[in-house]
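A closer look at the structure
Chain by chain, the residues run as shown.
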Amino acid sequence: MWNSNRNHVAIVLDDLGGSLRLLSANNAHPYTGGNAQVITMTKVNLTGYLRPRTLDGSAPIGEGDFVSHGGHVYRIAGGAPVYVSTWAHLGGEKPVRALSAEEFNGLRAHPADGTLISGQAPGHGEHGTVYVIAGGAPIYVASFDHVGKNKPVINVDLAAIHRAGESGPWARLRRYPFNGTLVSGQAPGHAEHRTVYVIAGGAPIYVASFDHVGKNQPVTNVSLAAIHNSGGTGVWNRLRKFPANGTLLSGQAPGHAEHGTVYVIAGGAPIYVTSFDHVGKNQPVTNVSLAAIHNSGGTGVWNRLRKFPANGTLLSGQAPGHAEHGTVYVIAGGAPIYVTSFDHVGKNQPVTNVSLAAIHNSGGTGVWNRLRKFPANGTLLSGQAPGHAEHGTVYVIAGGAPIYVTSFDHVGKNQPVTNVSLAAIHNSGGTGVWNRLRRRPADGTVVSGQAPGKAGHGTVFVIAGGAPICVYNWANIGGSRTATNIDLVATENAGKSGRWQYLSYYPVDGTILLGYGSSKYYHVSKGRPQELPSPTPSEKGRAVAVDQQAIDRAGQPLTHLLGPQSAGGGTGPSDETTPAGGSSFGS
């Protein structure tokens, strides 16, 4: 029936989505007779359906009907049975039609895409919230403008939405949409209105072109806010922020060298897969735009994949037959750190299988750039080895090396700390599984020694040959740079054993220094810089630019360089005067 004033009636031949194909014999008003016609009519003016009886006298199952099977009551929505846990949520007991097994099994497994449902639970904060079905899952609707006004809405038990994805009678709604489901974020006037996403591992991944996910695929309109708030709580928890661990993606960009490359999600980031043997054969793969992988970690539409896995993510490097097959790593600052025991990172944590080659090539370019070679500067680690004297010691990463921290006040309170095997710290700078931490910070790393209230607090250093060389003024090294906060106490104890051994007190022998702006080169031997009158191209190539004042003041506080040898032949820290503190920085 349509048009409430005239109550026209026709036979529905086909549902075309936004319109119907009808057999009608009363198209004119007033009715003038004539033969029946096949017409197409928009659903906007539709007022309802009159259901014919079947040959056996029973009415077909329709939208909103209450049915029962196997001791459970359901309400039909989008052709599927949605569980009713209590009549109180739906206004009291209603007539119910008992279905045979054949009738029940003939219903849809999940409601059709685009079906609108309203969760009912009087007194609950989410009573009356509306959802649109996409890939079998209920996605919150912030406005009917986003999904089409005047569309019918089926009231269902709110509990069925809250427990979507559980087993038994709850399974007729999915927790998250099926992989490969296409949704379009609707928010008229917003810059991202009508952007299209493909669901992978429960998360919406931006689609740059329909060529990447298959042309002529159905797309379900959802509120853009549901995408922006994915991974949230309450009504927003039916889309993940990032795809689930273990989800396989294939980057699509016909003509690109990386077209068809496959990645496995670990900690929200796509890790390149060299062989399906490494992640499990016959696993489903979701096609996504390769651009979504290349722009992972970005903002706006690109923020549903991480650039690097989240801290604490556990990986297992797979390469059957390789000596390191099955080795486990924990992600810290984007880099994989070898784990010697699950006791060090937490038992019963999920582990994602990745290609061992992705670990070996971490820090590389192209497909390999989703794991760092070394943790990012400022990453905090806690070395775990129950029973060891250094169990629980904390380190901050600077230039790839772990620098001991005596107080969180020196590196920033309330910073996340990642547990790693203490052995990974002790073996930093090693080969094989141990090569994801440097023994000492990389040359040129800029650090700031922190110890509030202590002389020297805030002093800036540039690392050369593993040692911190004082910087007296940013201009003396070419301008300000981002400095990593480290514990000033670590610079004072540099070169000692145990937890202090990850900084040298003086540059290692053979270090070449360049006095910035002076064009003078120096060779360090036993802590003393000796000018090179004619440096070779090789020496120039490996020189570390430092503050010329630090060289000129060698032997003075904080320089970490020895001055010219005294007549008595004295060496070592005794050649320095008592540190004057960081107040000299900038002078």
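Here is a short report on the structure shown in this document. Given the structure is predicted, the values throughout are model-derived calculations rather than measurements. (Residues numbered from 1 in each chain as written. Predicted model: local features only at pLDDT ≥ 70, side-chain atom pairs only at ≥ 80, totals over all residues. Heavy atoms only, no water.)

**Observations regarding the sheet that holds strand β17 (residues 262-266)**
Put simply, the test is: Two strands are said to pair when DSSP picks up at least two bridges between them. Put simply, DSSP marks the helices as runs of H or I at least four residues long and the strands as runs of E at least two long, and each gets a number from the N terminus on. Axes here mean lines fitted to C-alpha atoms, for a helix over just the part in contact, with angles spanning 0 to 180 degrees between N-to-C directions.
Sheet architecture is open: 4 strands sit in the order β18-β17-β16-β19, paired in mixed fashion. Among the strands making up the open sheet, the edge pair consists of β18 (269-272) and β19 (285-289). Across the sheet, the mean angle from the axis of one strand to that of its neighbour is 40 degrees, orientation sign disregarded.

**Re the layout of surface pockets**
Short version of the rule: The pocket and cavity definitions rest on a 1 Å grid over protein atoms only: a 1.4 Å probe that fits but cannot leave marks a cavity, an open set with protein on both sides within 12 Å along at least five of seven lines marks a pocket, and residues lining either have an atom within 4 Å of a point. Grid points are joined across faces, edges and corners, and a volume is the space filled by probe spheres set on the points. Under this grouping Gly is polar, as are all residues other than the nonpolar Ala, Val, Leu, Ile, Met, Phe, Trp, Tyr, Cys and Pro and the charged Asp, Glu, Lys and Arg.
In this structure, the second largest pocket encloses a volume near 160 Å³. If you trace the second largest pocket, you find it lined by N245, G267, G312, T313, L314, V330, V345, Q349, P350, T352, T418 and N419. Here the lining of the second largest pocket is built from residues that sort into 4 nonpolar, 8 polar and no charged.

**Observations concerning the nonpolar core**
Rule in force here: Among buried residues, those of type Ala, Val, Leu, Ile, Met, Phe, Trp, Tyr and Cys that are joined through side-chain atoms within 4.5 Å constitute a nonpolar core. Classification of residues uses two cut-offs on accessible area relative to the type maximum, computed with a 1.4 Å probe and protein chains only: under 20% is buried, over 50% is exposed, and between them is partly exposed. When checking whether two residues touch, look at their non-hydrogen atoms; a contact exists if any pair is within 4.5 Å.
Grouped together as the largest cluster of nonpolar side chains are 58 residues, with contacts concentrated most on I403, L513 and V546. With residues up to four places along the chain from it excluded, the contact list for I403 reads V394, Y395, V396, A398, P441, I486, A490, Y502 and L503. Core analysis: the next-biggest nonpolar cluster, separate from the first, contains 24 residues, A77, L107, Y131 and I154 among them.

**A few points about the pattern of salt bridges**
Condition: Here a salt bridge means any side-chain nitrogen of Lys or Arg lying within 4 Å of a carboxyl oxygen belonging to Asp or Glu.
Enumeration according to the criterion identifies 8 salt bridges in this entry. Put simply, D211 and K215 hold a salt bridge, and the shortest N to O gap is 3.3 Å. Here K215 falls in the exposed class, since its relative accessible area comes to 54%.

**Focus: the packing of aromatic side chains**
Inclusion rule: Any two rings among Phe, Tyr and Trp, with Trp reduced to its six-membered ring, count as a pair given centres within 6.5 Å; such a pair is stacked if its planes are under 30 degrees apart, edge-to-face if over 60, and tilted if neither.
Applying the stated rule across the entire model yields 16 aromatic pairs. Arranged with centres 5.9 Å apart and planes meeting at 65 degrees, the rings of Y197 and Y206 form a pair that is edge-to-face. Per residue, the accessibility class of Y197 equals that of Y206, and both read buried. Put simply, the rings of Y74, Y83, F104 and W170 touch in pairs and so form one group of aromatic residues.

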